[in-house]
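Structure assessment
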Amino acid sequence: MQTLKIGQLTCECYPAESNAVYYILSPMPLDSHHITSLSRLHGCNIAVIYGMDWDNDLTPWEAPGVEPGDSPFKGLAQQFLSTLLTETLPAIEKTLPLTPNPERTLVGISLSGLFALWAWMQGDTFENIGCVSASFWYQGFATWIASRDIPQKSGCAYFSLGEREKFSSNPWFRPVETDTMAIVKTLREKGLCVMFQSTPGNHYSSVYPRLDKLFNALAGTASPIM
């Protein structure tokens, strides 16, 4: 594992003899032993990226805060995506054993799961996406997805959601299951490859088993999940 500092971001890179690379946007450092195991098991490069301005860099437009006294979300996703594409990814890919045109997968957790789907809608940099407990409750997001003219994608989207997330004490979060299923339905109706899996627990429950399921699904080492 090699650690890079790229601007405000810390990037932990796990190389493999493969032309596939999974970018995980994480709210915190992840256990290096587990990520090494994922890289070896699935034969893919992995880059764990953290240190972004979580509430603002990952949100696609301005929206109210969700707790009393919270600042509004600033909606800086476009700027953050531009930084990822022009600075972060090129720096990371110089350190990995990749040939031109690697297969890139963007993985997000919570707000970075929201960002992953939003970024997938912006172009073809990422072949696949994986979203763990994505914040699809975000104001106007499910409606935005439904209203878009979505181009065909050659890759797949994988979504997982904790079965108890809809029972959150915060009313902002309670629609997350309804919104997630509406997004899954919309993407499937538009002809995209979409996998969905309900998992035990709440929002941040068992992140490593959930990452295992995500890699199993997207790397094709398990039966597709509908």
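The notes below deal with the structure included here.

Thresholds applied
- Residues numbered from 1 in each chain as written.
- Predicted model: local features only at pLDDT ≥ 70, side-chain atom pairs only at ≥ 80, totals over all residues.
- Heavy atoms only, no water.
- Phe/Tyr/Trp six-rings, centres within 6.5 Å; stacked < 30°, edge-to-face > 60°.
- Buried < 20%, exposed > 50% of the residue type's maximum accessible area, 1.4 Å probe, protein only.
- Helix = DSSP H or I, 4+ residues; strand = E, 2+ residues; numbered from the N terminus.
- Expected span 1.5 Å × (residues − 1).
- Bend = angle between axes of the 7 residues up to and from the residue.
- Salt bridge = Lys/Arg side-chain N within 4 Å of Asp/Glu carboxyl O.

1. A word on the packing of aromatic side chains
For the coordinates displayed, the defined rule picks out 13 aromatic pairs. Feature note: the residues W61, F73, F136, W137, Y138, F141, W144 and F159 constitute an aromatic cluster, connected by ring pairs.

2. A short note on helix 4 (residues 111–120)
Here helix 4 lies mainly inside the structure; ten of its ten residues are buried. Every buried residue of helix 4 is accounted for by L111, S112, G113, L114, F115, A116, L117, W118, A119 and W120.

3. A short note on helix 3 (residues 77–95)
In this model helix 3 runs 25 Å from its N-terminal to its C-terminal C-alpha over 19 residues, within 8% of the 27 Å that 1.5 Å per residue would give. Its maximal kink placed at L84, helix 3 deviates by approximately 45°. Turning to helix 3, its buried residues are A77, F80, L81, L84, T88, L89, I92 and E93.

4. Details of the pattern of salt bridges
A side chain with one charge can pair with a side chain of the opposite charge if their charged atoms come near. Applying the stated criterion across every chain, the model contains three salt bridges. The partner of R104 in a salt bridge is E93, with the nearest N and O atoms 2.7 Å apart. Taken together, the positions of R104 in strand 5 (residues 103–109) and E93 in helix 3 put the pair eleven residues apart, joining distant regions of the chain. Judged by its relative accessible area of 18%, R104 is buried.

5. Observations concerning unusual backbone geometry
The backbone phi angle of N101 is positive, close to 60°, even though this residue is not glycine. Along the chain, N101 falls in the loop between helix 3 and strand 5. The backbone of S133 shows a phi angle near 50°, a positive value even though the residue is not glycine. Its place among the elements puts S133 in the loop between strand 6 (128–132) and helix 5 (141–147). Residue classification places S133 among the buried positions, given a relative accessible area of 0%.

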